[in-house]
Amino acid sequence: MPNNKNEINSFYPLFFTAAFILILIQYPFSNFDAIFYDLWVKFTPKSQPTQEYVVISLDEMNDQILGEYYPYTYATHSKILKKILPEKPLLVNYFVHLEEPLESDDEKFYDEFVKLIEDYQNEDSGYFRFGTSIDLWGEQVPPDRVKVFGYSPALINVDGESFAKDSVHRKALINISSEDTLHLWSANVIRQAEGEDPLDATSIWGAYYDSEADATFAYYRHMINFFDEDDSHVYKIPFYRILNGDTPPGFFKNKVVLIGPQYESNSDDFVLTSFGKENRIPKTLVHASLINSLSLEKTIYPISDLVSDILSLLIAIILSFVISKVQPTRGLLITIFLICSLLIFSYLSFAFLGIWLKIAHIILSIFIVYYIWVPFRAIAEYQSRYAIEEETKILKQVENLKQNFISLMSHDLKTPVAKIAGMADILRLKIGEDHPEKKIVNDIILSTKELNSFITSILDLTKVESQNLQLNIQSKDINVIIEGIVEKLQFEANSKDIKVSADLSPLYPIEIDVTLMNRVISNIVENAIKYSNRSSEVRIRTYDDEKWVYIEVKDTGPGIEEKDLAHIFDKFYRVKNDQSHKIKGSGLGLYLVKYFIELHKGEIDVSSVVGEGTTFTIKLINK
């Protein structure tokens with residue numbers, strides 16, 4: 001039942017995460033998306049315009065120098081055209097709102113103005129186009145005699161009622177009521193001059209139709225740096241300087257010329273852009289940027305909101321799984337890395353592929369995942385820590401019980417066993433060999449010996465696990481130890497008619513703990529005698545090389561099966577067969593043997609063939 005409860009509890013944060021994400025994606029968060037859009041626009045590399053632009057401004061200073069007021073007389077406009085048109089610019093866009101001449105003196109200059117444009121177009125020198133605006137009374141078209149030269153709406157769209165609703169210009173209006181805007185018309189003029197195919201409003205990358213406005217829009221990247229006064233492709237010149245002839249001959253040849261108002265007192269002559277809400281940009285410069293971006297096809301394809309919403313949900317699920325599996329610190333690093341990677345990917349897609357992935361929902365989803373899962377992880381960590389503390393308490397109690405058990409084994413149990421063995425030895429000496437109780441006494445002695453061995457193994461195991469075992473290193477000839485062991489076990493071998501042979505090569509003394517090594521070799525030789533068949537042989541061999549001293553003990557017992565061979569050094573493991581059941585043992589002997597050898601930085605290997613016998617090989621450092 002607790003496991004099922006934990007499994008159910010693990011779904012709580014996932015449920016809350018999915019619920020919050022589904023609620024989150026119902027809100028647009030356009031202001032958040034606009035922040036990243038503006039950042040990407042600012043840091044997008046600017047492509048070099050293929051054409052040079054001349055932006056001629058009419059402002060308060062011009063009024064003061066010329067002694068006129070906007071939109072000026074036709075006499076003044078005729079003078080400016082006489083300076084520009086003879087040099088054959090590629091395109092002239094006129095954003096000045098002209099009216100019919102009101103005075104008779106201005107009529108002849110009106111005729112002259114019309115004649116200049118007519119001659120310019122008849123000579124196929126370039127293109128001339130009026131840019132118009134739209135107000136509550138409709139489109140403000142040029143006077144009748146000049147509108148025949150062509151005019152198009154030149155509107156700068158701002159996010160007033162849609163997207164971020166912050167009155168910032170971010171997208172181009174490229175077609176309205178099935179009529180191309182001045183920007184698209186001018187861009188196609190430039191493309192035609194460069195041998196490129198013209199653009200259609202419906203085929204522009206990322207363009208979309210708004211039925212409510214009956215217009216086609218496209219987000220775009222500014223290809224002109226508005227704040228670079230030394231831009232070699234965009235020349236910003238006041239109107240009066242052209243009249244004064246402050247430009248070199250041929251200055252306007254093959255250039256795109258934009259003439260329009262930039263009055264500081266008129267907020268309609270300026271617009272906010274993605275470059276900062278504290279800097280208003282003259283609309284004439286924005287017109288130039290729009291034309292240039294469209295001619296270079298530097299528009300943006302906005303990924304559908306549905307795609308962003310699906311990505312938000314997928315990333316939230318994946319991140320939830322990851323955070324649930326890692327430590328909180330690593331989860332924080334993964335979250336930060338994911339956000340940074342998302343920002344970099346979004347920027348690179350925008351700057352180099354023209355694809356705009358709206359990431360507001362995705363980033364907010366990541367934060368929601370983190371701040372939902374971290375408390376749950378903290379609760380889980382607290383529960384784990386509490387469980388560890390409780391386990392530690394239990395382990396301390398077990399350790400106390402173990403110490404009490406050791407005390408019992410070493411004093412209260414081992415001492416009586418030693419007394420029983422001593423009394424049994426005395427009793428065996430007093431009774432004769434033919435006494436009927438002789439076998440019982442021998443069984444008592446044998447049982448006390450096995451019990452004492454078992455107690456010793458348990459005490460050794462306790463020392464091993466508590467790491468209180470210390471080596472008492474001495475320099476000793478291992479052959480001497482083996483000879484003593486063979487002599488001590490000779491009686492047990494004779495009782496089974498087993499021959500114990502020792503082929504001991506001359507060896508130099510090595511550094512060992514004599515007591516532990518005595519127990520190691522005794523255990524292996526004694527096991528060989530126990531498990532060998534009657535009237536067989538146990539062979540002990542020693543030899544060495546530059547690095548190791550080798551001790552090999554080989555018996556002719558039943559052998560050990562492959563499945564058991566890998567576990568014979570495990571604690572309390574005993575091979576399960578008919579013969580092993582008849583032989584007493586604790587299952588700790590070989591475990592301790594391996595531990596004692598490794599304590600000497602040595603090794604032990606075993607090989608066995610079922611029905612033929614087993615061979616143990618001990619390797620001790622030769623020094």
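**Focus: the overall build of the protein**
Inference 1: In terms of helices and strands, the protein carries 20 helices and 24 strands.
Inference 2: Across the 623 residues of the protein, 45% fall into the buried class.
Inference 3: Residue pairs in contact within the protein that sit at least 24 positions apart in sequence constitute 74% of those at least 6 positions apart.
Inference 4: For the protein, the exposed area adds up to about 33,700 Å²; of that, 56% sits on carbon and sulfur atoms.

**Details of the pattern of salt bridges**
Inference 1: Counted by the stated rule, this structure contains 19 salt bridges.
Inference 2: With a closest N to O distance of 3.3 Å, D144 and K147 form a salt bridge. You can see D144 and its partner K147 sitting in helix α7 (residues 144–147), three residues apart, about one turn around the helix.
Inference 3: Here E297 and R191 are joined by a salt bridge, their closest N and O atoms 3.4 Å apart. A residue pair is termed long-range when its members are at least 10 positions apart, and E297 in the loop between α10 (283–295) and β16 (299–302) and R191 in helix α8 (residues 182–193) qualify at 106 residues.

**A short note on the sheet that holds strand β3 (residues 127–132)**
Within a sheet, neighbouring strands are paired by backbone hydrogen bonds and run either parallel or antiparallel to one another.
Inference 1: Read across the sheet, six strands follow the order β6-β3-β2-β13-β1-β12 without closing on themselves; strand pairing throughout is parallel. Looking at strand neighbours, the two that pair on one side only are β6 (151–153) and β12 (234–238), the edges of this open sheet. When strand polarity is set aside, the average angle formed by the axes of neighbouring strands in this sheet is 20 degrees.
Inference 2: Pairing geometry for strand β1 (residues 53–58) and β12, over five bridges, is parallel. The partner of S57 across the bridge, within β12, is P238.
Inference 3: Docked against the sheet, α10 engages β1, β2 (91–94), β12 and β13 (256–261), running at close to 160 degrees with respect to β1.

**Regarding helix α17 (residues 514–531)**
Inference 1: Between the first and last C-alpha of α17 there are 26 Å, a value that for 18 residues agrees with the 26 Å anticipated at 1.5 Å per step.
Inference 2: Those residues of α17 lying buried are V514, L516, M517, V520, I521, S522, N523, I524, V525, A528 and I529.
Inference 3: Looking at where α17 begins, the residue whose side-chain oxygen comes 3.1 Å from the main-chain nitrogen of T515 is D513.

**Details of unusual backbone geometry**
Inference 1: In this structure, P71 follows Y70 across a cis peptide bond, with omega equal to 10 degrees.
Inference 2: Notably, N254 is not glycine yet its phi reads approximately 60 degrees, a positive angle.
Inference 3: With respect to the element layout, N254 can be found in the loop between α9 (239–243) and β13.
Inference 4: By relative accessible area, N254 is classed as partly exposed at 46%.
Inference 5: For E297, which is not a glycine, the phi torsion comes out positive at approximately 60 degrees.

**Some points on the sheet that holds strand β7 (residues 168–169)**
Inference 1: Strand order in the open sheet made by the three strands is β7-β14-β15, with mixed pairing throughout. Looking at strand neighbours, the two that pair on one side only are β7 and β15 (276–282), the edges of this open sheet.
Inference 2: As defined by bridge partners, β7 adjoins strand β14 (residues 270–273) across two bridges and the pair is classed as parallel. Considered in β14, the bridge of H169 is made with T273.

**Here's the deal with the packing of aromatic side chains**
Inference 1: Under the criterion given, the structure shown has 28 aromatic pairs.
Inference 2: Consider the rings of F569 and F616, whose centres lie 6.4 Å apart with planes at 85 degrees: the pair is edge-to-face. A residue pair is termed long-range when its members are at least 10 positions apart, and F569 in the loop between α18 (562–565) and α19 (578–582) and F616 in strand β24 (residues 613–621) qualify at 47 residues.
Inference 3: Clustering of aromatic rings is evident, with ring pairs tying together Y37, F163, Y208, F217, Y219, F350 and W356.
Inference 4: Over the ring of F270 we find R280, and its NZ or CZ is 4.7 Å from the ring centre.

**Details of the packing of helix α3 (residues 30–43) against helix α12 (residues 328–353)**
Inference 1: At a minimum axis distance of 10 Å, the contact between α3 and α12 shows a crossing angle of 55 degrees. What the angle tells us is that α3 and α12 run oblique. Relative to α12, α3 is oriented so that their crossing is right-handed. Where α3 approaches α12, its residues F36, Y37, W40, V41 and F43 are matched on the opposing element by L343, S346, Y347 and F350.
Inference 2: Among the residues making up the contact of α3 with α12, the classes are represented as eight nonpolar, one polar and no charged.

**Quick look at the packing of α17 against helix α20 (residues 589–599)**
Inference 1: It is the contact of α17 with α20, at a shortest axis distance of 9 Å, that shows an interaxial angle of 140 degrees. When the axis of α17 is compared with that of α20, the two are oblique. In this structure, α17 meets α20 at a crossing whose hand is left-handed. Between α17, through L516, R519, V520, N523, I524 and N527, and α20, the contact on the second element is made entirely by G589, L590, V593, F596, I597 and L599.

**A word on a nonpolar patch on the surface**
Inference 1: A surface patch of nonpolar side chains, about 420 Å² in accessible area, is lined by I344, L348, F352 and L353.
Inference 2: With respect to the secondary-structure elements, L348 resides in helix α12.

**Regarding the confidence of the model for the protein**
Inference 1: In this model, the protein carries an average pLDDT of 84, and 89% of its residues clear a pLDDT of 70 or more.
Inference 2: Between residues 1–8, whose pLDDT stays under 50, and residues either more than four places distant or in other chains, the model counts zero contacts.

**Re the side chain of S346**
Inference 1: Take S346: it is sitting in helix α12.
Inference 2: A relative accessible area of 0% places S346 in the buried class.
Inference 3: For S346, the side chain forms a polar contact with the side chain of W40, separated by 3.1 Å.
Inference 4: If near-sequence neighbours (up to four positions away) are discounted, S346 is found in contact with W40, I355, L357 and I359.

**A short note on the layout of surface pockets**
Inference 1: Considered as a void within the structure, the second largest pocket measures approximately 1,300 Å³ in volume.
Inference 2: Every residue lining the second largest pocket is counted, 47 residues in all, and those nearest its centre are S133, I134, L155, I156 and K283.
Inference 3: Going through the elements one at a time, β3, β4 (134–135), β8 (171–176), β10 (208–210), β11 (215–220), β14 and α10 are the ones with two or more residues in the lining of the second largest pocket.
Inference 4: Within the lining of the second largest pocket, the residues separate by chemical class into 25 nonpolar, 13 polar and nine charged.

**Comments concerning the pairing of β8**
Inference 1: β8 sits mainly inside the fold: six of its six residues count as buried.
Inference 2: Pairing between β8 and strand β9 (residues 179–180): two bridges, direction antiparallel. If you follow I176 over to β9, its bridge partner there is E179.
Inference 3: In this antiparallel pair of consecutive strands, β8 and β9, the connection spans two residues, and S177 shows a positive phi of 50 degrees.

**A closer look at the nonpolar core**
Inference 1: Counting residues in hydrophobic clusters, the biggest one holds 61 residues, and the most contacted among them are Y53 and V286.
Inference 2: Counting residues per element, this core draws most heavily on helix α13 (residues 360–430), at eight residues.
Inference 3: Non-local contacts of Y53, meaning those with residues more than four positions away in its chain, are made with I190, H233, V234, Y235, V256, L258, A288, I291, N292 and S295.
Inference 4: Membership of the second largest hydrophobic core comes to 41 residues, among which are L516, V538, V553 and I604.

Conventions we followed
- Residues numbered from 1 in each chain as written.
- Predicted model: local features only at pLDDT ≥ 70, side-chain atom pairs only at ≥ 80, totals over all residues.
- Heavy atoms only, no water.
- Helix = DSSP H or I, 4+ residues; strand = E, 2+ residues; numbered from the N terminus.
- Buried < 20%, exposed > 50% of the residue type's maximum accessible area, 1.4 Å probe, protein only.
- Contact = heavy atoms within 4.5 Å.
- Areas by Shrake-Rupley, 256 points an atom, 1.4 Å probe, with all protein chains shown as cover.
- Salt bridge = Lys/Arg side-chain N within 4 Å of Asp/Glu carboxyl O.
- Pairing = 2+ DSSP bridges.
- Axes fitted to C-alpha atoms, helices over the stretch in contact; angles between N-to-C directions.
- Expected span 1.5 Å × (residues − 1).
- Polar contact = N/O pair within 3.5 Å; in protein donor to acceptor, adjacent residues only side chain to side chain.
- Phe/Tyr/Trp six-rings, centres within 6.5 Å; stacked < 30°, edge-to-face > 60°.
- Lys NZ or Arg CZ within 6 Å of the ring centre and 35° of its normal.
- Parallel < 35°, antiparallel > 145°, perpendicular 65-115°, else oblique.
- Left-handed = near helix turned anticlockwise from the far one by under 90°.
- Nonpolar A, V, L, I, M, F, W, Y, C, P; charged D, E, K, R; others polar.
- Patch = residues over 30% accessible without salt bridge, like charges linked within 9 Å, V, L, I, M, F, W, Y side chains within 5 Å.
- pLDDT = per-residue confidence, 0-100.
- 1 Å grid on protein atoms, 1.4 Å probe; cavity = no way out; pocket = protein on both sides within 12 Å on 5 of 7 lines; lining within 4 Å.
- Points joined across faces, edges and corners; volume = space filled by probe spheres on them.
- Core = buried A, V, L, I, M, F, W, Y, C linked by side-chain atoms within 4.5 Å.

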